[in-house]
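Given next are the chains, with one letter for each unit.
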Amino acid sequence: MFMKQRKLVQIIEKLKNIVRSEHVLTSYEERYCYSRDASLYWAMPDVVVRPHTTEEIVEIVKLANKEKIPITPRGAGTNLTGGAIPVKGGIVVDMTGMNRILEINRTNLIAVVEPGVVHEDLEKELAKHGLFWPPDPASTYSCTIGGAIAECAGGMRALKYGTTRDWVLGLEVVLPTGDVIKTGAMTLKNVTGFDLTRLFVGSEGTLGIITKAVLKVRPLPEALLRMSAAFYEIEIAGLAVSKIFETGIVPTIIEIISIECIRAINEWLKLGLPEVDALMVIDLDGTREEVEKLAGKVEKILKDVGAIEIKRATTAKEMEDLYLARRAAYPSTFRAFRKSLTVDDFCVPVNKLPEAFRLAREISKKWRLPMAIIAHAGDGNIHPIWPVDVRYPEEIDRVLKCHTELSHGILKLGGSISAEHGIGILKASLIEEEYGKKAIEVMRAIKRVFDPNDIMNPGKIAL
Amino acid sequence: MMDMSKLPILKDYEEKIYVCNRCGFCRPACPVLSQKNMEETASPRGRMSLIYGLITNELKPSMTIVDKIYLCTTCRYCYVKCPAGLEVDRIIEVARYELTKITIAPPEAHKIISSKIDNYNNPFGEPQFDRIKWLQRESAMKLPEKAKVLYWVGCMASYRVQDTAITTTKILRHANVDFTILGTEEGCCGSVLLRTGQRNPVVNKYARINVEKISAKGVETLVTSCAGCFRTFSKDYPEIVGDLPFEVLHVSHYIERLIKDRRIEFKEGLPMRVTFHDPCHLGRHVGVYDAPRNVIKAIPGVELVEMVNTREEARCCGAGGGLRSAFRELSITIAAHRLKADALPIGAKVLVTPCPFCILNFEDATKVYGIGIDILDLTELVCKALRI
């Protein structure tokens, strides 16, 4: 608990003067619901507040800044590195009530949204206009756009389209001082001063609270072609990615799932996938002619590299089944391991994928941990998934040690410790190893400019 | 009395509760959460967190927990969305049972229902002889003492949505089905009690008595109107009293069979554009999705237009799980949301559903929110098509 009881009572009263009293949650049970996200961490907030306007947020932040109370902004709490955990207590600001899509403009190719909009809701709404926003995190069902921006979410399509930072044109942000600033513009180009937009994307709630976002959107491609290939060894699948790029082709997605997932999916959904070491799913988008032409080339590369059962989805059902297989990969690991899961996140240069796969398996074996791999392989992004029974601290400890050792190995390969899940608590101790001392000092200095009292999501990103 | 049933207790789900990854995929699926403006405490994950807290002793049972655990229609949509396949609805039910055991649950509204069932054999506290009042509207209705088919009218159709009872019997008569009803002998199946954590009277009394009464009629097939009764007879009773000595069918199932056996034939067309709402306790709970659709499709002239959220993904009407009885206003806003968000955008003028409880809630929603859509029971649609 951050605040002394008497102080807390006063703060709660003040918060109730800012937002409607039912939007201030104070009971132990209510706060308990906000003490977790999808990571392994846990910490109780002193109070949860649910604002619905920028003005309310300004007042909340001013109050917190004056009283030097920590603030942890929270979207849907789907974070995997602990970004939404109020490690120092204080106020959790639940942004999910601000969930309006304010504008979709097909001519200007932008969408303006509040941060609490659920990713899938936006995707559905954009599709009605023949548009899409390329970042597609696996948590699309529930994650919010604000959360995706704060964590710089990626997803499968990041290979061709990049991650969230490439698709945000501008933001409205409430700074820890209570000032509201505008970053970027409503336009597709903008170099007016420093790129503060990109600074906020991926800042994990440590610099301010995003209250509005201008997103760049694209027309849905005319055609989508999907194919799959099986591999006797996951390393060969990794090699295949390099070979595809070497011919100058950049598919929309190249996904790899490992045998643990394949077996569980077959058992569960009876899709009859080939039960070999790895399965690759590739999407190509563009005009119909383009995708047909590229598919032929990709098939040849896959064959040359040693893939088996190279299949092009020719019917709607086959398209759907392959998509289902990929989407089911994450749920399937629950079925494979029958435990809760830790989903890790690394990125390596694409030509290091085979080594990264090998390393992940070796280190998991060393720590006696079964592991499944789901990889957005096209951009070198690997998710090792380990089962963990949260009742046994020894098991959690082993998972964390395995994660740390693998992180060291990934960095040695020239990779990054976080591709799309952020740093949060989980990776805070590793950030210096990736960037060196000075870079962290710069980040801390930037943080102080925005947040002199260190109230914004303290304890994250080693800031 | 000892609980000898095979109904699960919280301990049975302990392993599963630890599997919850808190990924939050269940959130948007929850009909309550969307009406509570996405407040975590009203989400399936929030409720799972509270139950997690109870089994780890990080939380003590409290009225706040009771409030949150009862904000659930047990619609099971979260189960469909859960990557780990956790039966959140059942976990909620057993948590309610545990909270009831230590007497801090259920909420007052549900206690009253229990006592009304105890005293009047129905959750409304209506006189038992009024259970067959609807029969007076069906002239010269004589029903045999024993029959192959027993139509279990259910409290909702008997007292509140009587048109359903009337149209169902009309169809059965039209098809010359050898059927009867329990009449004033019929009681509550106990669905609402099981859903609200008050399982003891069902386990100790109602299940056995109901099965005995039905069996005494020499019945081969039991047909229910209500999706809730259907779920209770087909899923819960076997866990309480073992296999039942008769088959249990929902009326949509039975009409589908009558059509297949050519005991019902639609001679005239019925030009109508309808959409179909899957009751949670029929669809997600027991897996019956096609039977009612097959009935609609068999009617010449009727065009079935599906909502985007349909079958496994059908949004709840908001009535179930004791929500309507304890949180009426919230329950009706959920029904209104289903109509406004899913039915109206596809241009549906008529929504057909085979559950009187869904009908009651939808009709209330159309009145309260002035939504221009007609709500029809599947049996009403069939009667219209048969011109009976």
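Analysis parameters
Within every chain, residues take consecutive numbers counted from 1 along the sequence as written. Key to labels: chains lettered from A, ligands numbered from 1, both in the order written. In view of the model being predicted, local features appear only for residues whose pLDDT reaches at least 70, and side-chain atom pairs are presented and counted only at 80 or more, with totals across whole chains, interfaces and linings using the full set of residues. Water and hydrogen atoms play no part in the side-chain values, which are based on all heavy atoms of the structure. To sort residues, take the accessible area from a 1.4 Å probe on protein chains only and compare it with the maximum for the residue type: under 20% means buried, over 50% means exposed, and anything in between is partly exposed. To qualify as a helix, a DSSP run of H or I must reach at least 4 residues; to qualify as a strand, a run of E must reach at least 2; elements of each kind are numbered from the N terminus. As used here, the arc belongs to the directions running from the helix axis to the C-beta atoms. We call two residues in contact whenever any of their non-hydrogen atoms come within 4.5 Å of each other. Domain delimitation follows an automatic or database domain assignment. The term buried area means the drop in 1.4 Å probe accessible area that two parts suffer when joined, counted for both and summed. We define a salt bridge as a contact between a side-chain nitrogen of Lys or Arg and a carboxyl oxygen of Asp or Glu at a distance within 4 Å. A 3.5 Å cut-off defines polar contacts: any pair of N or O atoms within that distance qualifies, except that in protein one atom must be a possible hydrogen donor and the other a possible acceptor, and neighbouring residues in sequence count only when both atoms are side-chain atoms. Any residue outside Ala, Val, Leu, Ile, Met, Phe, Trp, Tyr, Cys, Pro, Asp, Glu, Lys and Arg is labelled polar, Gly included; the first ten of those are nonpolar and the last four are charged. Note: two strands are recorded as paired if DSSP finds a minimum of 2 bridges between them. Fitting a line to C-alpha atoms yields each axis, with helices limited to the stretch in contact; the angle taken between N-to-C directions then spans 0 to 180 degrees.

Before going further, it helps to examine helix α4 (residues 119-128) of chain A. All names here are of chain A. Of all the residues in α4, the buried ones are His119, Glu120, Leu122 and Leu126. The buried residues of α4 occupy an angular sector of 160 degrees when the element is viewed end-on, so they sit on one face. Among the structural elements, β5 (101-105), β6 (110-113), β7 (131-132), α5 (145-151) and β10 (209-216) are those in contact with the buried residues of α4.

This brings us to the domain arrangement of chain A. Reports of interface size often rely on the accessible area that becomes lost once the parts have come together. Residues and elements named next belong to chain A. The domain architecture assigned to chain A consists of domain 1 (5-97), domain 2 (101-219) and domain 3 (221-421). In this complex, domain 1 contributes five residues to the contact, which on the side of domain 3 involves seven residues. Roughly 470 Å² of surface becomes buried between domain 1 and domain 3 when both sides are summed, with 72% attributable to carbon and sulfur atoms. Contact with domain 3 buries surface across domain 1, with Leu40, Leu80 and Thr81 losing the most and accounting together for 88% of the total. Joining domain 1 to domain 3, the criterion identifies zero salt bridges. Here domain 1 and domain 3 share one residue pair in polar contact (both at pLDDT 80 or more) between them. Tallied by class, residues from the side of domain 1 that touches domain 3 come to three nonpolar, two polar and no charged.

Between chain A and chain B, the contact holds 40 residues from the first and 36 residues from the second. Here chain A and chain B share an interface that buries about 3,100 Å² over both sides, 55% of which is from carbon and sulfur atoms. Where chain A meets chain B, there are four salt bridges. Here Arg74(A) ties to Glu40(B) by a salt bridge, and the two come within 3.7 Å at their closest N and O atoms. Mapped by element, the contributors of at least two residues to the side of chain A that touches chain B are α2 (28-33), α12 (329-337) and β16 (340-343) of chain A. With five residues, α2(A) is the single largest residue contributor to the side of chain A that touches chain B. Of the residues in the side of chain A that touches chain B, the class split is 17 nonpolar, 11 polar and 12 charged.

Residue and element names in this part refer to chain A. Here the structure, examined in full by the defined rule, presents 63 salt bridges over all chains. Across the salt bridge formed by Glu255 and Arg326, the nearest N and O atoms sit 2.5 Å from each other. Placement of Glu255 in strand β13 (residues 253-258) and of Arg326 in helix α11 (residues 316-327) is noted, with a sequence separation of 71 residues between them. For the pair shown, Glu255 and Arg326 are each scored as buried. Salt-bridge contacts for Glu441 lead to Lys438; the nearest nitrogen and oxygen are separated by 3.5 Å. Here Glu441 and its partner Lys438 are both found in helix α16 (residues 437-450), three residues apart, which amounts to about one turn of the helix. For Glu441, a relative accessible area of 40% gives the class partly exposed.

Here we come to the domain arrangement of chain B. Residue and element names in this part refer to chain B. When its domains are assigned, chain B resolves into domain 1 (10-101), domain 2 (108-258) and domain 3 (266-386). The distance between the C-alpha centroids of domain 1 and domain 2 comes to 30 Å. Taken together, the eight residues of domain 1 in the interface contact 11 residues of domain 2. Contact between domain 1 and domain 2 buries roughly 800 Å² in total, counting both sides, with carbon and sulfur atoms accounting for 41%. Among the salt bridges present, the one from Arg195 reaches Glu93, with a minimum N-O distance of 2.8 Å. Inspection of the domain 1/domain 2 interface yields five residue pairs in polar contact (both at pLDDT 80 or more). When its residues are assigned to classes, the side of domain 1 that touches domain 2 shows three nonpolar, two polar and three charged.

Time to look at the sheet that holds strand β5 (residues 272-276) of chain B. Hydrogen bonds between backbone groups are what pair the strands of a sheet, and the pairing can be parallel or antiparallel. All names here are of chain B. Ordered in space as β6-β5-β7-β8, the four strands form an open sheet in which the pairing is parallel. Here the strands that pair on one side only, and so sit at the sheet edges, are β6 (302-304) and β8 (374-377). In this sheet, adjacent strand axes meet at a mean angle of 35 degrees when their direction is disregarded. Strands in contact with helix α18 (residues 356-369) are β7 (350-353) and β8; relative to β8, the strand with the most contacts, it is inclined by about 170 degrees.

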